[in-house]
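The residues making up each chain are set out below.
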Amino acid sequence: MNEIKLTSYSHGAGCGCKISPKILTEILHTDEVEHFPNLLVGYNHRDDAAVFDQGDGTAIISTTDFFMPIVDDPYTFGQIASVNAISDVYAMGGTPMMAIGILGWPIDKLEASIASLVLKGARNICARAGIPLAGGHSIDSPEPIFGLAVTGKVNIDNLKTNAGAKVGDYIYLTKPLGIGILTTAEKKGILKKEDQLLAIESMLRLNSIGGYLSKFDYIHSITDVTGFGLAGHLIEMAEASNCQALINYVNLPLINESLLNYIEAKAIPGGTKRNWESYGDKVNCTESQQTIIADPQTSGGLLIAVDPNYVNEFENVCKERNTKLSFIGKFIDKIENKVLTVI
């Protein structure tokens, strides 16, 4: 079992498997518009989950996320995929209720007992989130795939979307950047021993703070950072909110100081290039900054837009709940044709 290397059975890894934002736009394009009055959030603004009004002041949150292995250990793969999927509920300010599994498995290549370990990892994370892994669906597929469909709930007054940011809001990030670079370095066999657990530890941290923060009116918008990178998800938030994002590059939290050494060694995910080709024309930054802000994150942190008058209170709340924060910039008026500017 220790000799199994799950990542060798797939062409992609984690959220780096996501279809590029540009191609996704083409896929989702339609002239057919269906109106459902109770659907509070659909895919119009590329939000983290769908939200349906139950008519009693509460709403149901529904989301799904799955991908191919980003680590070799099957138990850890199940854990990471589950944290990543549940994050979408937290990003809407909600509380998860239950999950069902999505499993694709190459049964002619990998034993069923290995898939069982993936599910065991998923059950561990669901238990940490206080929800059952209540069922699921499986198929025989050419590559291993796992994720969850998650159902959550939220008081409508507390619902947070990626369209709520306001001009002047401060932007915070709750996890460091560089997951895609470290996991690519591991694939290339150049990851240092002391760096081997950094990405895993970050990916396994639940974003449950999102559900707690939803009750505060000074939190205007939340989204999580995954496969489109910091820039991609920040652009989605800015466009949905009719703002422009201004980011201070030196404030961006990096997962490790040696990250730049891995970049010099060309440990750059293929998803970084796909991301930049999709939205690079919307960004003002230097070429050297692109690799960090477009790096695909798996189970990344939350992007949070906060009323500047309440930042001290917000920071204290997060400190009390042991949530690390990085102040990375603010939202400003749209003053040019770019959506994101990095200084």
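All of these numbers come straight from a predicted model, not from anything done at the bench.

Chemist: Teacher, can you tell me more about the overall build of the protein chain here?
Modeler: Counting its regular elements, the protein chain contains 11 helices and 13 strands. Relative to the 2.2 N^0.38 estimate, which gives 20 Å for 343 residues, the radius of gyration of the protein chain is 19 Å and therefore close to what a compact globule would have. Dimensions of the protein chain along its principal axes, counting C-alpha atoms only, are 55 × 50 × 45 Å. Looking at the protein chain as a whole, 54% of its 343 residues qualify as buried. In the protein chain, 85% of the contacts between residues at least 6 apart in sequence involve partners at least 24 apart. Only carbon and sulfur atoms are counted for the fraction: they give 50% of the accessible area of the protein chain, which is about 15,900 Å². Each charge class in the protein chain can be summarised by its mean position, and for the 28 positive and 39 negative side chains these summaries are 5 Å apart.

Chemist: Explain the sheet that holds strand 7 (residues 170–173) here, please?
Modeler: Within a sheet, each strand pairs with its neighbour through backbone hydrogen bonds, oriented either parallel or antiparallel. Taking strand neighbours across the sheet as the criterion, the seven strands line up as 8-11-7-12-9-13-10 in an open arrangement whose pairing is mixed. Of all strands in the sheet, those bounded by a partner on one side alone are strand 8 (219–224) and strand 10 (283–284). Bridge count for strand 7 against strand 11 (residues 302–306) is four bridges, and the pairing is antiparallel. Directly across from Tyr 170, in strand 11, lies its bridge partner Val 306. Strand contacts of helix 7 (residues 229–240): strand 7, strand 8, strand 9 (244–247), strand 10, strand 11, strand 12 (326–332) and strand 13 (340–342), with the helix running at about 145 degrees to strand 8, the strand carrying the most contacts.

Chemist: Explain the nonpolar core here, please?
Modeler: Across soluble globular proteins, you tend to see nonpolar side chains buried next to one another. Core analysis: the biggest nonpolar cluster contains 77 residues, and Leu 230, Leu 303, Phe 331 and Leu 340 have the highest contact counts within it. In terms of residue count, the dominant contributor to this core is helix 2 (residues 74–91) (eight residues). When sequence neighbours within four positions are dropped, the list of residues in contact with Leu 230 reads Leu 173, Leu 177, Val 225, Leu 252, Ile 293, Asp 295, Leu 303 and Ile 328. Ala 91, Ile 219, Ile 304 and Cys 318 belong to the second-largest nonpolar core, a separate cluster that totals 15 residues.

Chemist: Help me understand helix 2, please; the structure alone is not making it clear to me.
Modeler: Every α-helix carries 3.6 residues per turn, so stepping three or four residues along brings you back to the same face. The first and last C-alpha atoms of helix 2 sit 26 Å apart over 18 residues, in line with the 26 Å expected at 1.5 Å per residue. With respect to burial, helix 2 is a largely interior element, 17 of its 18 residues being buried. Count one or two residues on from helix 2 and you reach Gly 93, which has phi positive near 80 degrees.

Chemist: What am I meant to see in unusual backbone geometry here?
Modeler: Glycine aside, a negative phi is what most residues show, and trans is what most peptide bonds show. For Lys 266, which is not a glycine, the phi torsion comes out positive at approximately 65 degrees. On the accessibility criterion, Lys 266 (62% relative accessible area) is exposed.

Chemist: In this structure, what is going on with the sheet that holds strand 6 (residues 145–155)? I would like to understand it.
Modeler: Read across the sheet, six strands follow the order 1-2-3-6-4-5 without closing on themselves; strand pairing throughout is mixed. Only two strands of the sheet have a single partner each, and these edge strands are strand 1 (39–41) and strand 5 (133–140). Neighbouring strand axes in the sheet, compared pairwise and without regard to direction, differ in orientation by 20 degrees on average. As paired elements, strand 3 (residues 58–67) and strand 6 share 10 bridges and run antiparallel to each other. Note on strand 6: the bridge partner recorded for Asp 65 is Leu 148. Relative to the sheet, helix 3 (residues 112–129) contacts strand 4 (95–105), strand 5 and strand 6, its axis offset from that of strand 4 by approximately 170 degrees.

Chemist: How do you make sense of the packing of aromatic side chains when you look at a structure like this?
Modeler: Two measures describe an aromatic ring pair: the distance that separates the ring centres and the angle between the ring planes. For the coordinates displayed, the defined rule picks out eight aromatic pairs. With 5.2 Å between their ring centres and 5 degrees between their planes, Tyr 218 and Tyr 310 make a pair best called stacked. In this pair, Tyr 218 sits in the loop between helix 6 (209–213) and strand 8 while Tyr 310 sits in the loop between strand 11 and helix 11 (311–320), placing the two residues 92 residues apart along the sequence. Linked through ring pairs, Tyr 170, Tyr 172, Phe 314 and Phe 327 together constitute an aromatic cluster. We note Arg 321 situated over the ring of Tyr 212; from NZ or CZ to the ring centre the distance is 3.7 Å.

Chemist: Whenever I open this one, the state of the cysteines confuses me. Can you help?
Modeler: Should the sulfur atoms of two cysteines be covalently bonded, the bond is a disulfide. Overall, the coordinates contain zero disulfides when judged by the stated rule. With no disulfide of its own, Cys 243 has Cys 285 as its nearest cysteine by sulfur position, at a separation of 20 Å.

Chemist: Help me understand the pairing of strand 3, please; the structure alone is not making it clear to me.
Modeler: Regular strands place their side chains on alternate faces of the sheet. The two faces of strand 3 differ: Ala 59, Ile 61, Thr 63, Asp 65 and Phe 67 on one face are buried, but Thr 58, Ile 60, Ser 62, Thr 64 and Phe 66 on the other face are not. As consecutive antiparallel partners, strand 2 (residues 50–53) and strand 3 are separated by four residues, and within that stretch Gly 55 has a phi angle of approximately 85 degrees, a positive value.

Chemist: Explain a nonpolar patch on the surface here, please?
Modeler: A contiguous nonpolar patch, built from Phe 36, Leu 39 and Phe 52 and spanning about 300 Å² of accessible area, is present on the exposed surface. Following the sequence through the fold, Leu 39 ends up in strand 1.

Chemist: Can you help me understand the pairing of strand 12 in this one?
Modeler: Burial of strand 12 is extensive: five of the seven residues sit out of reach of the surface. Relative to strand 12, strand 7 runs antiparallel, the two being bridged by four bridges. Across the sheet, the residue bridging to Leu 173 is Ser 326, located in strand 12.

Chemist: Explanation requested: the environment of Gly 227 in the structure shown.
Modeler: One can find Gly 227 in the loop between strand 8 and helix 7. Separated by 67 residues in the primary sequence, Gly 227 and Ala 294 place their C-alpha atoms 8.8 Å from one another.

Chemist: How do you make sense of helix 3 when you look at a structure like this?
Modeler: With 18 residues, helix 3 should reach 26 Å at 1.5 Å per residue; the first-to-last C-alpha distance of 26 Å fits that figure. Looking only at helix 3, the buried set comprises Ile 114, Ala 115, Val 118, Gly 121, Ala 122, Ile 125, Cys 126 and Ala 129. Considered in projection along helix 3, the buried side chains sweep an arc of 140 degrees and stay on one side of the axis. Turned more than 90 degrees away from the buried face of helix 3, the exposed residues are Ala 112 and Ala 127. Check the buried side of helix 3 and you find it contacts helix 2, strand 4, strand 5 and strand 6. Phi turns positive, to about 75 degrees, at Gly 130, one or two residues after helix 3.

Rules behind the numbers
- Residue numbers run consecutively from 1 along every chain, following the written order of its sequence.
- Reporting of local features is limited, given that this is a predicted model, to residues whose pLDDT is at least 70; pairs of side-chain atoms are given and counted only at 80 or more, and all residues count toward the totals for whole chains, interfaces and linings.
- Heavy atoms throughout the structure, all of them, feed into the side-chain values; hydrogens and water do not.
- Numbered from the N terminus, helices here are DSSP runs of H or I no shorter than four residues, and strands are runs of E no shorter than two.
- Our radius of gyration looks at C-alpha atoms and nothing else; its globule reference is 2.2 Å times the residue count to the power 0.38.
- With a 1.4 Å probe rolled over the protein chains alone, any residue whose accessible area is under 20% of its type maximum counts as buried; one over 50% counts as exposed, and the rest are partly exposed.
- Any two residues having at least one pair of non-hydrogen atoms within 4.5 Å are treated as being in contact.
- Surface exposure here means Shrake-Rupley accessible area, sampled with a 1.4 Å probe, where a residue is shielded only by the protein chains that are shown.
- For the charge count, each Lys or Arg is scored as positive and each Asp or Glu as negative, with His and the chain ends excluded.
- Charge placement uses NZ in Lys and CZ in Arg. For Asp and Glu, CG and CD serve respectively.
- For two strands to be treated as a pair, DSSP must find no fewer than two bridges joining them.
- Fitted lines through C-alpha atoms give the axes, limited to the stretch in contact for helices. The angle between two N-to-C directions lies from 0 to 180 degrees.
- Definition of nonpolar core: a set of buried residues of the types Ala, Val, Leu, Ile, Met, Phe, Trp, Tyr and Cys, connected through side-chain atoms within 4.5 Å.
- For a helix, the expected span equals 1.5 Å multiplied by the number of residues minus one.
- Between 30 and 60 degrees the pair is tilted, below 30 it is stacked and above 60 it is edge-to-face, where a pair is any two Phe, Tyr or Trp rings, Trp via its six-membered ring, whose centres lie within 6.5 Å.
- Here, a charge over a ring is recorded when the distance from Lys NZ or Arg CZ to the ring centre is within 6 Å and its angle to the ring normal is within 35 degrees.
- Note on terminology: disulfide denotes any pair of cysteine sulfur atoms within 2.5 Å.
- Any residue with relative accessible area above 30% and no salt bridge may belong to a patch, with like charges joined within 9 Å and the nonpolar Val, Leu, Ile, Met, Phe, Trp and Tyr side chains within 5 Å.
- Any Lys or Arg side-chain nitrogen located within 4 Å of an Asp or Glu carboxyl oxygen qualifies as a salt bridge.
- Directions pointing from the helix axis toward each C-beta atom define the arc.

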